[in-house]
Amino acid sequence: DRTERVVAGLPKVSLHCHLIGSVEATTVVDLARKHGVVIEGGRTAEDLFDHDSYEDLDEFLRVLDVAGSVIRDADDFHRVAYESLTAGGAAHNVLYREIFLSPPGHPGVPYRTILDGVRAGMRDAEADTGIRSNLIVGLNRNGSAQAAYELVETVIENRADEVLGIGLDYSEAIGPPERFWKAFRRAGEAGLNRTAHSESGPPHHIETLLDLLGCTRVDHGYHVVDDPAITRRCVEERIPFTCTPVSSDIGRYSGSGDGTHLRIKQMVDAGLMVTIDSDDPPMFGTDPTNDFRALANALGYGLDELSALTANAVEATWLDETDRAALR
Ligand code: ES4
Ligand code: ZN
């Protein structure tokens, strides 16, 4: 229909998309066969991404682990990055994406293999479609603070222009974010940008991200609106919040129930700088167009409101001013 065409054609800037979460089920099955891996439960491409089973985050993270474990060599990383950026990005008029990598999600794979494979996929995707991209390395909060620190050291030792910063993902239930302050401080000293997930956590976690971890963005951050003072501060400082309407609605662990859209509306109405993305598109049965359409349908947003969200995303990128201007 018309809305579909308009939303599909809307220019998009993607700041919250995980590489492991962008792999198509058919690709997971292909790579499993290639590496002689038997997928647990004998699941096929049709039943691999079972949205109804994502009742808690751990259940979802197990699916991510299956996908991550079959992406192993540089060709695999090339393929997954390329598919995510072309069919999963440029085809929806995504002009630019900052992709989350999760090195601990690929056990036994050297960081260099991940980086080189993904960068080759990024280069080919740009050559074929014009989509630009950079990288964010996600530290895993299920792991130790020491492992996170070592990953930051690895990122610094293997410095690459594409790696603009670090993030913090996986299970928030394990504990508050301050555990990772040393890893984040080290990243800051090396000039890396910083962001972190705060999907289910209380508003004071967001203050921790800003004040202790040096984050200049917040991933999800839906509970910020529970605290007027912290909300006011984030409005004043123009802190971007990378929201993901469809994945946070399906994943019951966001703490927003099925009311993610309304939380996003509260955030926008409060004057916060909200951006829209898909998180893990195929795993939540979504794509960049669908997230904007879902928001438009739930909140009655038209082209003006949706374009404003893209304008926010342009300002929220970690690009320098020249590259940012090219997206406007
Ligand atoms: C993730 Cl906490 C979380 N939610 C969705 N996708 C993810 N990938 C890594 N961590
Ligand atoms: Zn995420």
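Residues numbered from 1 in each chain as written. Chains lettered and ligands numbered in written order. Predicted model: local features only at pLDDT ≥ 70, side-chain atom pairs only at ≥ 80, totals over all residues.

Attention now goes to the pairing of strand β2 (residues 94-101). Burial analysis of β2 places 8 of its 8 residues in the buried class, which makes it a mostly covered element. With 5 bridges connecting them, strand β1 (residues 12-18) and β2 associate as parallel partners. The residue bridging H18 from the neighbouring strand is F100, located in β2. Here 6 bridges tie β2 to strand β3 (residues 132-140), and the two strands are oriented parallel to one another. For R97, the partnering residue across the bridge sits in β3 and is S133. (Buried ≥ 20, exposed ≤ 12 C-beta atoms within 10 Å, placed from the backbone. Helix = DSSP H or I, 4+ residues; strand = E, 2+ residues; numbered from the N terminus. Pairing = 2+ DSSP bridges.)

Now for the site of ligand 1. As a structural note, the neighbourhood of ligand 1 is formed by H18, G21, L64, S102, D169, Y170, H197, D279 and D280. Taken together, the residues that form the shell around ligand 1 break down as 2 nonpolar, 4 polar and 3 charged. (Near = placed C-beta within 6 Å. Nonpolar A, V, L, I, M, F, W, Y, C, P; charged D, E, K, R; others polar.)

So, on to the confidence of the model for the protein chain. Residues of the protein chain with pLDDT of at least 70 account for 98%, and the chain-wide mean is 95. Model confidence for the complex is summarised by a pTM of 0.97, with the ipTM given as 0.96. (pLDDT = per-residue confidence, 0-100.)

Our next topic: the environment of P110. Note that P110 resides in the loop between β2 and α6 (111-129). C-alpha of P110 to C-alpha of T154: the two residues are 44 residues apart in sequence and 10.0 Å apart in space.

This part covers helix α12 (residues 260-269). Listed as buried for α12 are T260, H261, R263, I264, M267 and V268. Along the axis of α12, the buried residues cluster in a sector spanning 160°; they form a single face. Just downstream of α12, G271 is the residue with a positive phi angle, here 95°. (Arc of directions from axis to C-beta.)

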